[in-house]
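Overview (structure and organization)
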Amino acid sequence: MRRAFAVILVLLVIWGIATIAAKSLDGISFSVTNNIVMVPIKGTIVSSNGGLLEEGITPDYVISYLEKAEKDSSVKGIILDINSGGGAVLPSKEIANKVKSIQKPVVALIRDVGASGAYWVASASDKIVADSLSITGSIGVRSGYLEFSDLMEDYGIKYESLTGGKYKDAGSPYRDLTDEERTLLQNKINLIHEAFIKEVSDNRGVNLRPYATGMFFLGEEAIKLGMIDYLGNKDKALEVVKELAGIKEAKIIVYERKKTLKDVISQFVGEMSFKIGTGIGESFKADSFKVEA
Amino acid sequence: MSKKRGVIARLWKRILAYFIDIMIIGVIVVYPFEKYFGKVNGLSMINSQMFIAGLVIAILTIFYWAILEYSMRQSIGKMVSGIYVNAAKNSKFWPFVLRNLTKINSLFLSVDVLYMLFTKQHQRYFEKLSSTEVLEVPRKK
């Protein structure tokens, strides 16, 4: 009995020390260098990476990186390395809210594209740096779906729907929208658009409503409209974040997701599908209008 | 080590004991630090917090074995497996720390265990250094 008590006591003491040590570790850092963390936001912003072919930025991983950077006292600033055309509304808002809450300087660096939901995220940072040819803005909301009721009719397929609730079936691909439903759904889109405009305008301290048509802007246009702060590249973003952090030298640390087997397969299948699609497209194409860089 | 010799512990018992202890260590020592290792998926950076967490885990892991083996001559895994550590009667604490030093790293432990294959007493190298050995608990008649 005494022996069992002694064993339990030893276990409790060790567990207690481990727990206390783990709790006291928050905020401790031995690093003598100043670090700037780069958090990549590349791809479509999605709620979760569910299927094999779905690959994108989820709020979970971006937020976990931001929290990690925030807790690490050696990290003096954060650069959001953005190359995204946006994506789902809620995940974009979630990431933007997290960016806003960070107490350390955050600079958004827009590479090729930082539009729509990705611009929402960028707007939440302290400063935005983009190249003169970067695509940004596109403050708009879009929603759509395939409706194939006519096709079904052609094939003699009839859609029977039993619903409780007048609008439960609104947006079904098997039947046409009524005017009333169309108006209702459009109103929802308008509400989201309004929230989007308000958020980005508040974040930037500029009324962006006149430019919130869904149209994108190049960096050199965006700077004149107050949508971004500086024209430049990674070096400029680093210079700005160092200035905001009040430091002269800093080491850049890139937070990157390790590629899993699923990522590799998904990338392979994605690229293959794209090439097949391009091949089919090419075979149909005549001398069409081209814009290439 | 004590002159009163018994039967050398069988290998499977030692392995069983090790895995039981590892599971206990996982719960009481590693789990409290889980957020420093598990939360940030795929973060390819070892920062100072991870380093300190690793150091504390290593120290507490050694102490788990050292304290129990010093005070009772058995860790929980060894109690379950029916084996014990044989050491000199007035042995101090440090040999028990020494014999468990390699358990913080699987590579060190593998090399240490490899030594067992080449000795008559089937001792790990660090057991030899600390003048300890693992024996079967004698059956009561």
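Up top you'll find the structure we're talking about.
Just so it is clear, the model here is predicted, and its values are computed rather than measured. (Residues numbered from 1 in each chain as written. Chains lettered and ligands numbered in written order. Predicted model: local features only at pLDDT ≥ 70, side-chain atom pairs only at ≥ 80, totals over all residues. Heavy atoms only, no water.)

Brief notes about the pattern of salt bridges
Should their charged atoms come close, side chains of opposite charge can pair. Residue and element names in this part refer to chain A. Within this structure, the stated rule accounts for 23 salt bridges over all chains. Two residues, Lys 100 and Glu 199, come together in a salt bridge whose shortest N-O distance is 3.2 Å. Residue Lys 100 is located in helix α3 (residues 89-101), and its partner Glu 199 is located in helix α6 (residues 179-204); the two are separated by 99 residues in the primary sequence. For Lys 100, a relative accessible area of 41% puts it in the partly exposed group. With relative accessibility at 21%, the residue Glu 199 sits in the partly exposed group. Across the pair Lys 166 and Glu 180 runs a salt bridge, and its minimum N-O distance is 3.3 Å. (Salt bridge = Lys/Arg side-chain N within 4 Å of Asp/Glu carboxyl O. Helix = DSSP H or I, 4+ residues; strand = E, 2+ residues; numbered from the N terminus. Buried < 20%, exposed > 50% of the residue type's maximum accessible area, 1.4 Å probe, protein only.)

Overview of α3 of chain A
What sets the pattern is the α-helix's 3.6 residues per turn: residues three or four places apart point alike. Residue and element names in this part refer to chain A. Taking 1.5 Å of rise per residue, the 13 residues of α3 would be expected to cover 18 Å, and the 19 Å separating its terminal C-alpha atoms lies within 8% of that figure. Taken together, the buried positions of α3 are Pro 91, Ser 92, Ile 95, Ala 96, Lys 98 and Val 99. The arc that holds the buried residues of α3, viewed along the axis, is 160 degrees, so those residues lie on one side. In this structure, the buried side of α3 is in contact with β1 (35-42), α2 (59-71), β2 (75-84), β3 (106-115) and α4 (117-123). (Expected span 1.5 Å × (residues − 1). Arc of directions from axis to C-beta. Contact = heavy atoms within 4.5 Å.)

Let's talk about the packing of aromatic side chains
Two measures describe an aromatic ring pair: the distance that separates the ring centres and the angle between the ring planes. Evaluation of the coordinates by the stated rule reveals 14 aromatic pairs over all chains. Here the aromatic rings of Tyr 211 of chain A and Phe 217 of chain A are separated by 6.2 Å at their centres, their planes lie at 85 degrees, and the arrangement is edge-to-face. Look at Tyr 211 of chain A and you get partly exposed, because its relative accessible area is 25%. Here the aromatic rings of Tyr 18 of chain B and Phe 19 of chain B are separated by 5.5 Å at their centres, their planes lie at 75 degrees, and the arrangement is edge-to-face. A relative accessible area of 23% means that Tyr 18 of chain B is categorised as partly exposed. Take Phe 19 of chain B: its relative accessible area is 49%, and that puts it in the partly exposed class. Each member of the aromatic cluster is reached from another via a ring pair, and the members are Tyr 18, Phe 19, Tyr 64 and Trp 65 of chain B. (Phe/Tyr/Trp six-rings, centres within 6.5 Å; stacked < 30°, edge-to-face > 60°.)

Overview of the packing of α2 of chain A against α3 of chain A
Residue and element names in this part refer to chain A. Look at α2 against α3: their axes get within 9 Å of each other, and the N-to-C directions meet at 5 degrees. One finds that α2 runs roughly parallel with respect to α3. Mapping the contact onto sequence places Pro 59, Val 62, Ile 63, Leu 66, Glu 67 and Glu 70 in α2 and Pro 91, Glu 94, Ile 95, Lys 98, Val 99 and Ser 101 in α3. Taken together, the residues that form the contact of α2 with α3 break down as seven nonpolar, one polar and four charged. (Axes fitted to C-alpha atoms, helices over the stretch in contact; angles between N-to-C directions. Parallel < 35°, antiparallel > 145°, perpendicular 65-115°, else oblique. Nonpolar A, V, L, I, M, F, W, Y, C, P; charged D, E, K, R; others polar.)

Examining the environment of Ala 17 of chain B
All names here are of chain B. As for its placement among the helices and strands, Ala 17 is situated in helix α1 (residues 11-30). The spacing of Ala 17 and Ser 81 is 64 residues in sequence and 5.7 Å in space, taken between C-alpha atoms. Excluding its chain neighbours within four sequence positions, the residues that come into contact with Ala 17 are Gly 77, Lys 78, Ser 81 and Ile 83.

What about the pairing of strand β2 (residues 133-136) of chain B?
Residue and element names in this part refer to chain B. Residues Glu 133 and Leu 135 line one face of β2 and the alternating positions Val 134 and Glu 136 line the opposite face, and both faces are buried. Pairing analysis gives four bridges linking strand β1 (residues 83-86) to β2, with the strands arranged antiparallel. By the bridge assignment for β2, Ile 83 is matched with Glu 136. (Pairing = 2+ DSSP bridges.)

Structural notes on the nonpolar core
Membership of the largest hydrophobic core comes to 41 residues, with the highest contact counts inside it found for Val 39, Ile 78, Leu 80 and Ile 139 of chain A. The set of elements that each furnish at least two residues to this core consists of β1, α2, β2, α3, β3, α4, β4 (127-130) and α6 of chain A. Look past the residues within four positions of Ile 78 of chain A in its chain and what remains in contact with it is Val 37, Val 39, Leu 66, Ala 69, Ile 102, Pro 105, Val 106, Val 107 and Val 241 of chain A. Counting residues in hydrophobic clusters, the runner-up holds 25 residues, among them Ala 18 of chain A together with Val 29, Ile 52 and Leu 68 of chain B. (Core = buried A, V, L, I, M, F, W, Y, C linked by side-chain atoms within 4.5 Å.)

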